[in-house]
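A structural walkthrough
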Amino acid sequence: MLKKDRVPYILVVDDSTSVRLIIGDMLKKAGYEVGFAVDGISALESLQTRKPDLIILDIMMPRMDGVELCQRLKSKEETSHIPVIFLTSQNKQETVIKGFESGAVDYVFKQCSHVELLARVNTHLELKRTKEQLIKENAEQKELLHVLCHDLVNPLGAINNLLTLSRKKSNEWLADRREKLLQITQHGLNVIELIRKLRYLEEKEGGLILTKVNLKQAIDESYLILRQQFNQKEIEFDYTIDESLNVQVEKTTFINSVLNNILTNAIKFSHPKSRIIISSHATDDSVVLTVRDYGIGMPSIILDNLFIIGKGRSRTGTAGERGTGFGMPLMKNFMTAYGGSIEIWSQEASESNKNHGTKVKLILKRM
Ligand SMILES: Nc1ncnc2c1ncn2[C@@H]1O[C@H](COP(=O)(O)OP(=O)(O)OP(=O)(O)O)[C@@H](O)[C@H]1O
Ligand SMILES: [Mg+2]
(Lines give C-alpha, C1' and ligand atoms only; values in the text may rest on other atoms or scores of the structure.)
(Ligands and ions follow the chains in the order given, each with its own letter.)
Protein backbone atom coordinates (compact mmCIF):
# COMPACT_ATOMS: atom_id res chain seq x y z
CA MET A 1 0.00 0.00 0.00
CA LEU A 2 1.23 3.50 -0.79
CA LYS A 3 2.31 5.92 1.89
CA LYS A 4 -0.48 8.42 1.41
CA ASP A 5 -3.18 9.94 3.60
CA ARG A 6 -6.01 9.53 1.14
CA VAL A 7 -6.97 6.03 -0.07
CA PRO A 8 -6.42 5.94 -3.85
CA TYR A 9 -9.56 5.46 -5.92
CA ILE A 10 -9.38 3.09 -8.90
CA LEU A 11 -11.99 2.82 -11.65
CA VAL A 12 -12.38 -0.64 -13.24
CA VAL A 13 -14.03 -0.56 -16.66
CA ASP A 14 -15.04 -3.93 -18.12
CA ASP A 15 -18.25 -5.30 -19.61
CA SER A 16 -17.70 -8.70 -17.97
CA THR A 17 -19.29 -8.95 -14.54
CA SER A 18 -16.92 -11.69 -13.40
CA VAL A 19 -13.78 -9.70 -14.37
CA ARG A 20 -15.11 -6.63 -12.51
CA LEU A 21 -15.84 -8.77 -9.46
CA ILE A 22 -12.48 -10.54 -9.38
CA ILE A 23 -10.33 -7.44 -10.00
CA GLY A 24 -12.49 -5.24 -7.78
CA ASP A 25 -12.26 -7.75 -4.95
CA MET A 26 -8.47 -7.96 -5.30
CA LEU A 27 -8.05 -4.18 -5.23
CA LYS A 28 -10.40 -3.73 -2.27
CA LYS A 29 -8.48 -6.38 -0.32
CA ALA A 30 -5.29 -4.42 -1.06
CA GLY A 31 -6.92 -1.40 0.61
CA TYR A 32 -7.99 0.61 -2.46
CA GLU A 33 -11.33 2.23 -3.04
CA VAL A 34 -12.89 0.85 -6.22
CA GLY A 35 -15.52 2.10 -8.66
CA PHE A 36 -16.95 0.26 -11.70
CA ALA A 37 -18.22 1.02 -15.19
CA VAL A 38 -19.50 -1.44 -17.82
CA ASP A 39 -18.29 0.41 -20.93
CA GLY A 40 -16.64 3.59 -22.21
CA ILE A 41 -19.79 5.71 -22.16
CA SER A 42 -20.70 4.89 -18.57
CA ALA A 43 -17.03 5.37 -17.59
CA LEU A 44 -17.15 8.91 -19.02
CA GLU A 45 -20.35 9.55 -17.06
CA SER A 46 -18.80 8.38 -13.81
CA LEU A 47 -15.73 10.56 -14.48
CA GLN A 48 -17.99 13.63 -14.45
CA THR A 49 -18.70 13.10 -10.76
CA ARG A 50 -15.37 11.70 -9.57
CA LYS A 51 -11.85 11.51 -11.02
CA PRO A 52 -10.01 8.29 -10.19
CA ASP A 53 -6.29 8.05 -9.43
CA LEU A 54 -5.97 5.19 -11.93
CA ILE A 55 -8.16 3.40 -14.49
CA ILE A 56 -8.04 -0.31 -15.34
CA LEU A 57 -9.62 -0.57 -18.74
CA ASP A 58 -10.81 -3.47 -20.88
CA ILE A 59 -10.08 -3.01 -24.58
CA MET A 60 -13.03 -4.81 -26.12
CA MET A 61 -16.35 -3.42 -24.93
CA PRO A 62 -19.73 -2.58 -26.50
CA ARG A 63 -20.81 1.07 -27.23
CA MET A 64 -17.38 2.66 -26.70
CA ASP A 65 -14.28 0.48 -26.55
CA GLY A 66 -11.23 0.98 -24.34
CA VAL A 67 -9.00 2.48 -27.04
CA GLU A 68 -11.52 5.19 -27.88
CA LEU A 69 -12.15 5.96 -24.21
CA CYS A 70 -8.41 6.21 -23.57
CA GLN A 71 -7.95 8.58 -26.52
CA ARG A 72 -10.74 10.80 -25.20
CA LEU A 73 -9.27 10.86 -21.71
CA LYS A 74 -5.83 11.80 -22.97
CA SER A 75 -7.20 14.61 -25.14
CA LYS A 76 -8.83 16.40 -22.18
CA GLU A 77 -6.73 18.39 -19.72
CA GLU A 78 -8.73 17.38 -16.66
CA THR A 79 -8.33 13.63 -17.33
CA SER A 80 -5.08 13.40 -19.31
CA HIS A 81 -2.98 12.85 -16.18
CA ILE A 82 -4.91 9.74 -15.02
CA PRO A 83 -2.82 6.63 -15.71
CA VAL A 84 -4.64 3.94 -17.72
CA ILE A 85 -3.73 0.26 -17.52
CA PHE A 86 -5.26 -1.90 -20.25
CA LEU A 87 -6.73 -5.32 -19.59
CA THR A 88 -6.20 -7.73 -22.43
CA SER A 89 -6.60 -11.43 -23.21
CA GLN A 90 -3.50 -13.58 -23.64
CA ASN A 91 -4.32 -14.23 -27.33
CA LYS A 92 -4.94 -10.57 -28.23
CA GLN A 93 -1.42 -9.25 -27.90
CA GLU A 94 -1.69 -7.16 -31.06
CA THR A 95 -4.27 -4.94 -29.33
CA VAL A 96 -1.62 -4.02 -26.75
CA ILE A 97 0.09 -1.84 -29.37
CA LYS A 98 -3.19 -0.01 -30.05
CA GLY A 99 -3.55 0.51 -26.32
CA PHE A 100 -0.13 2.11 -25.95
CA GLU A 101 -0.73 4.28 -29.00
CA SER A 102 -3.91 5.62 -27.41
CA GLY A 103 -1.96 6.75 -24.33
CA ALA A 104 -2.05 3.83 -21.86
CA VAL A 105 0.89 3.48 -19.47
CA ASP A 106 0.79 -0.30 -19.10
CA TYR A 107 -1.20 -3.45 -19.76
CA VAL A 108 -1.98 -6.65 -17.90
CA PHE A 109 -3.39 -9.96 -19.06
CA LYS A 110 -6.79 -10.79 -17.63
CA GLN A 111 -5.36 -14.13 -16.49
CA CYS A 112 -2.38 -12.58 -14.70
CA SER A 113 -1.71 -13.21 -11.01
CA HIS A 114 -2.98 -10.92 -8.28
CA VAL A 115 0.60 -10.16 -7.30
CA GLU A 116 1.45 -8.94 -10.80
CA LEU A 117 -1.66 -6.77 -11.17
CA LEU A 118 -1.13 -5.18 -7.75
CA ALA A 119 2.56 -4.55 -8.41
CA ARG A 120 1.69 -2.67 -11.61
CA VAL A 121 -1.12 -0.70 -9.98
CA ASN A 122 1.19 0.30 -7.11
CA THR A 123 3.98 1.33 -9.47
CA HIS A 124 1.75 3.60 -11.54
CA LEU A 125 0.07 5.18 -8.53
CA GLU A 126 3.49 5.88 -7.06
CA LEU A 127 4.69 7.40 -10.35
CA LYS A 128 1.63 9.61 -10.50
CA ARG A 129 2.13 10.72 -6.91
CA THR A 130 5.82 11.54 -7.52
CA LYS A 131 4.96 13.51 -10.64
CA GLU A 132 2.30 15.53 -8.81
CA GLN A 133 4.74 16.19 -5.98
CA LEU A 134 7.35 17.46 -8.46
CA ILE A 135 4.83 19.77 -10.14
CA LYS A 136 3.83 21.17 -6.72
CA GLU A 137 7.44 21.68 -5.65
CA ASN A 138 8.27 23.34 -8.93
CA ALA A 139 5.39 25.80 -8.50
CA GLU A 140 6.53 26.57 -4.94
CA GLN A 141 10.11 27.16 -6.06
CA LYS A 142 8.89 29.49 -8.79
CA GLU A 143 6.86 31.48 -6.30
CA LEU A 144 9.87 31.88 -4.00
CA LEU A 145 11.91 33.05 -6.95
CA HIS A 146 9.22 35.62 -7.76
CA VAL A 147 9.29 36.93 -4.18
CA LEU A 148 13.07 37.11 -4.26
CA CYS A 149 13.23 39.04 -7.53
CA HIS A 150 10.27 41.27 -6.78
CA ASP A 151 11.25 42.24 -3.24
CA LEU A 152 14.98 42.78 -3.77
CA VAL A 153 14.43 45.37 -6.50
CA ASN A 154 13.35 48.15 -4.10
CA PRO A 155 16.12 47.95 -1.47
CA LEU A 156 18.80 47.44 -4.12
CA GLY A 157 17.38 50.31 -6.16
CA ALA A 158 17.41 52.59 -3.09
CA ILE A 159 21.03 51.71 -2.26
CA ASN A 160 22.04 52.22 -5.85
CA ASN A 161 20.33 55.64 -5.94
CA LEU A 162 21.96 56.86 -2.76
CA LEU A 163 25.41 55.69 -3.85
CA THR A 164 24.98 57.27 -7.29
CA LEU A 165 23.97 60.57 -5.67
CA SER A 166 26.95 60.36 -3.30
CA ARG A 167 29.37 60.63 -6.26
CA LYS A 168 28.57 64.33 -6.50
CA LYS A 169 28.47 64.90 -2.76
CA SER A 170 30.92 65.21 0.07
CA ASN A 171 32.08 62.43 2.33
CA GLU A 172 30.05 64.00 5.15
CA TRP A 173 26.90 63.72 3.03
CA LEU A 174 27.51 60.02 2.64
CA ALA A 175 28.45 59.59 6.30
CA ASP A 176 25.12 61.21 7.27
CA ARG A 177 23.30 58.56 5.27
CA ARG A 178 25.31 55.59 6.50
CA GLU A 179 22.62 54.46 8.99
CA LYS A 180 19.94 54.71 6.33
CA LEU A 181 22.03 52.65 3.93
CA LEU A 182 22.59 50.03 6.61
CA GLN A 183 18.86 49.86 7.36
CA ILE A 184 17.98 49.45 3.69
CA THR A 185 20.68 46.78 3.24
CA GLN A 186 19.16 44.97 6.20
CA HIS A 187 15.81 44.84 4.37
CA GLY A 188 17.48 43.12 1.42
CA LEU A 189 19.12 40.62 3.76
CA ASN A 190 15.78 40.04 5.51
CA VAL A 191 14.18 39.14 2.19
CA ILE A 192 16.91 36.59 1.46
CA GLU A 193 16.67 35.17 4.97
CA LEU A 194 12.91 34.89 4.62
CA ILE A 195 13.22 32.91 1.39
CA ARG A 196 15.64 30.55 3.13
CA LYS A 197 13.17 30.08 5.96
CA LEU A 198 10.22 29.60 3.64
CA ARG A 199 12.08 26.88 1.74
CA TYR A 200 12.82 25.19 5.01
CA LEU A 201 9.23 25.60 6.19
CA GLU A 202 7.86 24.26 2.92
CA GLU A 203 9.99 21.15 3.26
CA LYS A 204 8.43 20.78 6.69
CA GLU A 205 4.96 21.70 5.37
CA GLY A 206 4.85 24.80 7.57
CA GLY A 207 3.98 28.40 6.80
CA LEU A 208 4.75 31.99 7.69
CA ILE A 209 5.25 32.87 11.34
CA LEU A 210 2.90 35.73 12.19
CA THR A 211 3.75 38.28 14.85
CA LYS A 212 2.53 41.59 16.24
CA VAL A 213 3.89 44.44 14.11
CA ASN A 214 3.45 48.16 14.68
CA LEU A 215 1.67 49.57 11.62
CA LYS A 216 3.18 53.06 11.69
CA GLN A 217 6.73 51.66 12.04
CA ALA A 218 6.19 49.27 9.14
CA ILE A 219 5.06 52.16 6.90
CA ASP A 220 8.05 54.24 8.08
CA GLU A 221 10.41 51.43 7.01
CA SER A 222 8.69 51.04 3.67
CA TYR A 223 8.96 54.80 3.11
CA LEU A 224 12.67 54.69 3.94
CA ILE A 225 13.21 52.22 1.09
CA LEU A 226 10.97 54.10 -1.37
CA ARG A 227 11.79 57.70 -0.48
CA GLN A 228 13.92 58.19 -3.61
CA GLN A 229 11.08 57.01 -5.83
CA PHE A 230 8.71 59.50 -4.19
CA ASN A 231 11.31 62.26 -4.55
CA GLN A 232 12.06 61.50 -8.19
CA LYS A 233 8.42 62.09 -9.13
CA GLU A 234 8.00 64.80 -6.50
CA ILE A 235 5.02 62.96 -5.10
CA GLU A 236 3.51 64.23 -1.90
CA PHE A 237 3.16 61.42 0.62
CA ASP A 238 0.81 61.87 3.49
CA TYR A 239 0.24 59.35 6.26
CA THR A 240 -1.05 59.95 9.71
CA ILE A 241 -1.35 56.60 11.41
CA ASP A 242 -2.22 56.06 15.05
CA GLU A 243 1.09 54.97 16.61
CA SER A 244 -0.63 52.51 18.93
CA LEU A 245 -2.01 50.33 16.12
CA ASN A 246 -0.52 46.82 15.85
CA VAL A 247 -1.42 44.22 13.27
CA GLN A 248 -0.90 40.48 12.82
CA VAL A 249 1.50 39.93 9.90
CA GLU A 250 4.91 38.52 9.00
CA LYS A 251 7.10 41.63 9.09
CA THR A 252 9.53 41.10 6.18
CA THR A 253 6.80 40.17 3.68
CA PHE A 254 4.46 42.86 4.99
CA ILE A 255 7.04 45.59 4.35
CA ASN A 256 8.77 44.22 1.25
CA SER A 257 5.97 42.41 -0.59
CA VAL A 258 2.78 44.13 0.56
CA LEU A 259 3.45 47.78 1.46
CA ASN A 260 6.30 48.26 -1.01
CA ASN A 261 4.24 46.85 -3.84
CA ILE A 262 1.16 48.99 -3.14
CA LEU A 263 3.33 52.09 -2.83
CA THR A 264 5.55 51.40 -5.87
CA ASN A 265 2.39 50.77 -7.88
CA ALA A 266 0.86 54.01 -6.62
CA ILE A 267 4.06 55.92 -7.54
CA LYS A 268 4.49 54.15 -10.89
CA PHE A 269 0.97 54.89 -12.07
CA SER A 270 0.83 58.50 -10.84
CA HIS A 271 2.04 61.54 -12.73
CA PRO A 272 4.75 63.74 -11.20
CA LYS A 273 3.65 66.09 -8.39
CA SER A 274 0.65 63.91 -7.57
CA ARG A 275 -0.41 62.80 -4.07
CA ILE A 276 -0.53 59.49 -2.24
CA ILE A 277 -2.42 59.25 1.03
CA ILE A 278 -2.44 56.45 3.58
CA SER A 279 -5.12 56.37 6.24
CA SER A 280 -6.25 53.82 8.77
CA HIS A 281 -9.46 52.91 10.48
CA ALA A 282 -9.60 50.47 13.39
CA THR A 283 -12.26 48.40 15.11
CA ASP A 284 -11.76 46.12 18.13
CA ASP A 285 -10.40 43.24 16.08
CA SER A 286 -9.38 44.66 12.70
CA VAL A 287 -7.50 47.48 11.07
CA VAL A 288 -8.31 48.77 7.60
CA LEU A 289 -5.39 50.46 5.90
CA THR A 290 -6.28 52.48 2.81
CA VAL A 291 -3.72 53.62 0.24
CA ARG A 292 -5.21 56.19 -2.13
CA ASP A 293 -3.44 57.46 -5.22
CA TYR A 294 -4.64 60.01 -7.79
CA GLY A 295 -2.93 58.31 -10.71
CA ILE A 296 -4.10 56.92 -14.03
CA GLY A 297 -6.30 54.16 -12.51
CA MET A 298 -7.02 50.78 -14.05
CA PRO A 299 -9.34 49.62 -16.84
CA SER A 300 -11.68 46.76 -15.84
CA ILE A 301 -9.68 44.21 -17.87
CA ILE A 302 -6.72 44.77 -15.52
CA LEU A 303 -8.83 45.16 -12.38
CA ASP A 304 -10.66 41.86 -13.02
CA ASN A 305 -7.41 39.92 -13.45
CA LEU A 306 -5.31 41.78 -10.91
CA PHE A 307 -4.45 38.76 -8.78
CA ILE A 308 -3.76 36.29 -11.60
CA ILE A 309 -0.15 35.73 -12.67
CA GLY A 310 0.53 36.02 -16.39
CA LYS A 311 -2.70 37.77 -17.43
CA GLY A 312 -0.97 40.57 -19.31
CA ARG A 313 -1.84 43.16 -16.64
CA SER A 314 1.61 44.60 -16.29
CA ARG A 315 1.98 48.08 -17.80
CA THR A 316 4.91 50.43 -17.73
CA GLY A 317 4.55 53.38 -15.38
CA THR A 318 3.95 57.01 -16.31
CA ALA A 319 7.73 57.56 -16.40
CA GLY A 320 8.42 54.28 -18.21
CA GLU A 321 9.03 52.26 -15.00
CA ARG A 322 8.99 48.55 -15.63
CA GLY A 323 7.52 45.73 -13.53
CA THR A 324 7.30 41.98 -13.58
CA GLY A 325 3.56 41.70 -12.88
CA PHE A 326 4.04 39.47 -9.84
CA GLY A 327 3.42 42.09 -7.17
CA MET A 328 -0.33 41.82 -6.74
CA PRO A 329 -0.65 37.99 -6.85
CA LEU A 330 2.19 37.65 -4.31
CA MET A 331 0.66 40.31 -2.13
CA LYS A 332 -2.70 38.58 -2.13
CA ASN A 333 -1.09 35.28 -1.06
CA PHE A 334 0.61 36.98 1.85
CA MET A 335 -2.53 38.86 2.90
CA THR A 336 -4.42 35.54 2.95
CA ALA A 337 -1.61 33.98 5.00
CA TYR A 338 -1.96 36.80 7.57
CA GLY A 339 -5.69 36.02 7.87
CA GLY A 340 -6.47 39.34 6.18
CA SER A 341 -7.99 40.41 2.88
CA ILE A 342 -7.65 43.05 0.20
CA GLU A 343 -10.13 45.21 -1.70
CA ILE A 344 -9.41 47.46 -4.68
CA TRP A 345 -11.31 50.38 -6.15
CA SER A 346 -10.06 52.09 -9.26
CA GLN A 347 -11.24 54.71 -11.76
CA GLU A 348 -9.45 55.37 -15.01
CA ALA A 349 -8.28 58.88 -15.76
CA SER A 350 -10.14 60.57 -18.58
CA GLU A 351 -11.05 64.13 -19.66
CA SER A 352 -14.44 63.94 -17.93
CA ASN A 353 -13.36 61.98 -14.86
CA LYS A 354 -11.61 64.07 -12.27
CA ASN A 355 -12.11 61.50 -9.50
CA HIS A 356 -9.57 59.09 -10.96
CA GLY A 357 -6.99 56.95 -9.21
CA THR A 358 -6.81 53.81 -7.13
CA LYS A 359 -7.70 52.88 -3.59
CA VAL A 360 -6.21 49.72 -2.09
CA LYS A 361 -7.76 48.58 1.18
CA LEU A 362 -5.93 46.10 3.38
CA ILE A 363 -8.06 44.49 6.04
CA LEU A 364 -5.74 43.17 8.74
CA LYS A 365 -6.18 41.47 12.08
CA ARG A 366 -5.60 43.85 14.98
CA MET A 367 -3.35 42.73 17.81
N1 LIG B 1 -2.16 51.95 -8.16
C2 LIG B 1 -2.30 51.53 -9.43
N3 LIG B 1 -2.73 52.38 -10.39
C4 LIG B 1 -2.88 51.97 -11.67
N5 LIG B 1 -2.63 50.72 -12.10
C6 LIG B 1 -2.21 49.82 -11.20
C7 LIG B 1 -2.02 50.16 -9.82
N8 LIG B 1 -1.61 49.05 -9.15
C9 LIG B 1 -1.53 48.07 -10.07
N10 LIG B 1 -1.90 48.52 -11.31
C11 LIG B 1 -1.98 47.75 -12.55
O12 LIG B 1 -1.87 46.37 -12.22
C13 LIG B 1 -0.70 45.81 -12.82
C14 LIG B 1 -0.17 44.72 -11.97
O15 LIG B 1 0.41 45.20 -10.77
P16 LIG B 1 1.49 44.30 -10.05
O17 LIG B 1 1.90 45.01 -8.81
O18 LIG B 1 0.96 42.92 -9.90
O19 LIG B 1 2.67 44.21 -11.10
P20 LIG B 1 3.65 45.35 -11.63
O21 LIG B 1 3.61 46.52 -10.69
O22 LIG B 1 3.38 45.59 -13.06
O23 LIG B 1 5.06 44.64 -11.50
P24 LIG B 1 5.94 44.48 -10.17
O25 LIG B 1 4.99 44.54 -8.99
O26 LIG B 1 6.57 43.16 -10.33
O27 LIG B 1 6.92 45.59 -10.20
C28 LIG B 1 0.21 46.98 -13.05
O29 LIG B 1 1.18 46.76 -14.05
C30 LIG B 1 -0.80 48.05 -13.47
O31 LIG B 1 -1.20 47.84 -14.81
MG1 LIG C 1 3.79 46.18 -8.53
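Now for a description of the structure that goes with this document. (Residues numbered from 1 in each chain as written. Chains lettered and ligands numbered in written order. Predicted model: local features only at pLDDT ≥ 70, side-chain atom pairs only at ≥ 80, totals over all residues. Heavy atoms only, no water.)

**A word on the overall build of the protein chain**
Regarding its fold elements, the protein chain presents 11 helices and 12 strands. The C-alpha radius of gyration computed for the protein chain amounts to 29 Å, which surpasses the reference 21 Å derived for 367 residues by more than 25%, pointing to a less compact arrangement than a globule. Across its three principal directions, the C-alpha atoms of the protein chain cover 90 × 45 × 45 Å. As displayed, the protein chain has an accessible area near 19700 Å², and 51% of this comes from carbon and sulfur atoms. The protein chain carries 50 positive and 46 negative side-chain charges, and their two centres are separated by 3 Å. (Helix = DSSP H or I, 4+ residues; strand = E, 2+ residues; numbered from the N terminus. Rg over C-alpha atoms; globule rule 2.2 N^0.38 Å. Areas by Shrake-Rupley, 256 points an atom, 1.4 Å probe, with all protein chains shown as cover. Lys, Arg positive; Asp, Glu negative; His and termini not counted. Charge placed at Lys NZ, Arg CZ, Asp CG, Glu CD.)

**Observations regarding the pattern of salt bridges**
Under the criterion given, the structure shown has 17 salt bridges. A salt bridge links glutamate 68 to arginine 72; the nearest nitrogen and oxygen atoms lie 3.1 Å apart. Pair noted here: glutamate 68 and arginine 72 are both in helix H3 (residues 66–75), with a separation of four residues, about one helical turn. For glutamate 68, a relative accessible area of 32% puts it in the partly exposed group. Exposure remark for arginine 72: the relative accessible area of 38% places this residue in the partly exposed category. Each member of the salt-bridge network shares a partner with another, and the members are Arg6, Asp53, Lys128 and Glu132. (Salt bridge = Lys/Arg side-chain N within 4 Å of Asp/Glu carboxyl O. Buried < 20%, exposed > 50% of the residue type's maximum accessible area, 1.4 Å probe, protein only.)

**A closer look at the site of ligand 1**
What surrounds ligand 1 is a group of 22 residues, the closest being His150, Lys268, Ser314, Arg315 and Thr324. Between ligand 1 and aspartate 293 there is a distance of 2.9 Å, counted from a nitrogen atom to a side-chain nitrogen or oxygen. Between a nitrogen atom of ligand 1 and a side-chain N or O atom of threonine 358, the distance comes to 3.4 Å. Only helix H9 (251–268) and helix H11 (327–337) provide two or more residues apiece to the shell around ligand 1. The biggest single contributor to the shell around ligand 1 is H9, with four residues. A class-by-class count of the residues in the shell around ligand 1 yields eight nonpolar, 10 polar and four charged. (Near = heavy atom within 4 Å. Polar contact = N/O pair within 3.5 Å; in protein donor to acceptor, adjacent residues only side chain to side chain. Nonpolar A, V, L, I, M, F, W, Y, C, P; charged D, E, K, R; others polar.)

**Concerning the pairing of strand S2 (residues 33–37)**
Note: strand S1 (residues 9–13) against S2, five bridges, orientation parallel. Following the sheet pairing, isoleucine 10 is matched in S2 by valine 34. Where the polypeptide runs from S1 across helix H1 (residues 17–29) and back to S2, its parallel neighbour, the crossover connection is right-handed. (Pairing = 2+ DSSP bridges. Right-handed = clockwise from strand over helix to strand, strands pointing away.)

**Observations concerning the coordination of the magnesium ion (ligand 2)**
Taken together, Asn261 (OD1) and Asn265 (OD1) make up the full set of protein donors to the magnesium ion (ligand 2), lying 2.2 Å away. Of the two residues, asparagine 261 and asparagine 265 both sit in helix H9, four residues apart, roughly one turn of that helix. Take asparagine 261 and asparagine 265: they sit in the same class, and that class is buried. (Donors = N, O, S within 2.8 Å, 3.2 Å for Na, K, Ca; no water.)

**Re H1**
The end-to-end C-alpha distance of H1, which contains 13 residues, comes to 18 Å, matching closely the 18 Å that a straight helix rising 1.5 Å per residue would cover. Buried within H1 we find Val19, Arg20, Ile23, Gly24, Met26 and Leu27. Looking down the long axis of H1, one finds its buried residues gathered within 160 degrees of arc, a one-sided arrangement. Every exposed residue of H1 that faces more than 90 degrees away from the buried side is listed here: Leu21 and Lys29. On its buried face, H1 sits against S1, S2, strand S3 (54–58), strand S4 (84–88) and helix H5 (114–166). Backbone geometry just downstream of H1 places glycine 31 in the positive-phi region, at approximately 100 degrees. (Expected span 1.5 Å × (residues − 1). Arc of directions from axis to C-beta. Contact = heavy atoms within 4.5 Å.)

**Considering the packing of helix H2 (residues 40–49) against H3**
Following both chains from N to C, one finds H2 and H3 inclined at 30 degrees, their axes separated by 9 Å at the closest point. Here H2 lies roughly parallel to H3, going by the angle between them. For the pair H2 and H3, the crossing hand works out as right-handed. Contacts between H2 and H3 involve Gly40, Ala43, Leu44 and Leu47 from the former and Leu69, Arg72 and Leu73 from the latter. Partitioned by chemical class, the residues of the contact of H2 with H3 number five nonpolar, one polar and one charged. (Axes fitted to C-alpha atoms, helices over the stretch in contact; angles between N-to-C directions. Parallel < 35°, antiparallel > 145°, perpendicular 65-115°, else oblique. Left-handed = near helix turned anticlockwise from the far one by under 90°.)

**Topic: the nonpolar core**
Judged by nonpolar contacts, the single largest core of 54 residues is most densely connected at Phe254 and Leu362. Residues Leu11, Leu44, Leu47 and Met61 belong to the second largest nonpolar core, which totals 20 residues. (Core = buried A, V, L, I, M, F, W, Y, C linked by side-chain atoms within 4.5 Å.)

**Looking at the packing of aromatic side chains**
In this structure the tally under the stated criterion is eight aromatic pairs. Considering the side-chain rings of tyrosine 223 and tyrosine 239, the 6.3 Å spacing of their centres and the 65 degrees angle between planes classify their relative orientation as edge-to-face. Taken together, the residues tyrosine 223 in helix H8 (residues 215–232) and tyrosine 239 in strand S7 (residues 236–239) connect sequence positions 16 residues apart. For tyrosine 223, a relative accessible area of 19% translates into the label buried. Measuring from ring centre to ring centre gives 6.1 Å for phenylalanine 254 and tyrosine 338, while their planes differ by 75 degrees; the resulting arrangement is edge-to-face. A residue pair is termed long-range when its members are at least 10 positions apart, and phenylalanine 254 in helix H9 and tyrosine 338 in the loop between H11 and strand S11 (341–347) qualify at 84 residues. The pair formed by phenylalanine 254 and tyrosine 338 is uniform in burial state, with each residue classed as buried. Through a chain of ring-to-ring contacts, three or more aromatic side chains come together here, namely Tyr223, Phe230, Phe237 and Tyr239. Lying across the ring of tyrosine 107, arginine 120 places its NZ or CZ 6.0 Å from the centre. Over the face of the ring belonging to tyrosine 294 we find arginine 275, whose NZ or CZ atom lies 4.9 Å from the ring centre. (Phe/Tyr/Trp six-rings, centres within 6.5 Å; stacked < 30°, edge-to-face > 60°. Lys NZ or Arg CZ within 6 Å of the ring centre and 35° of its normal.)

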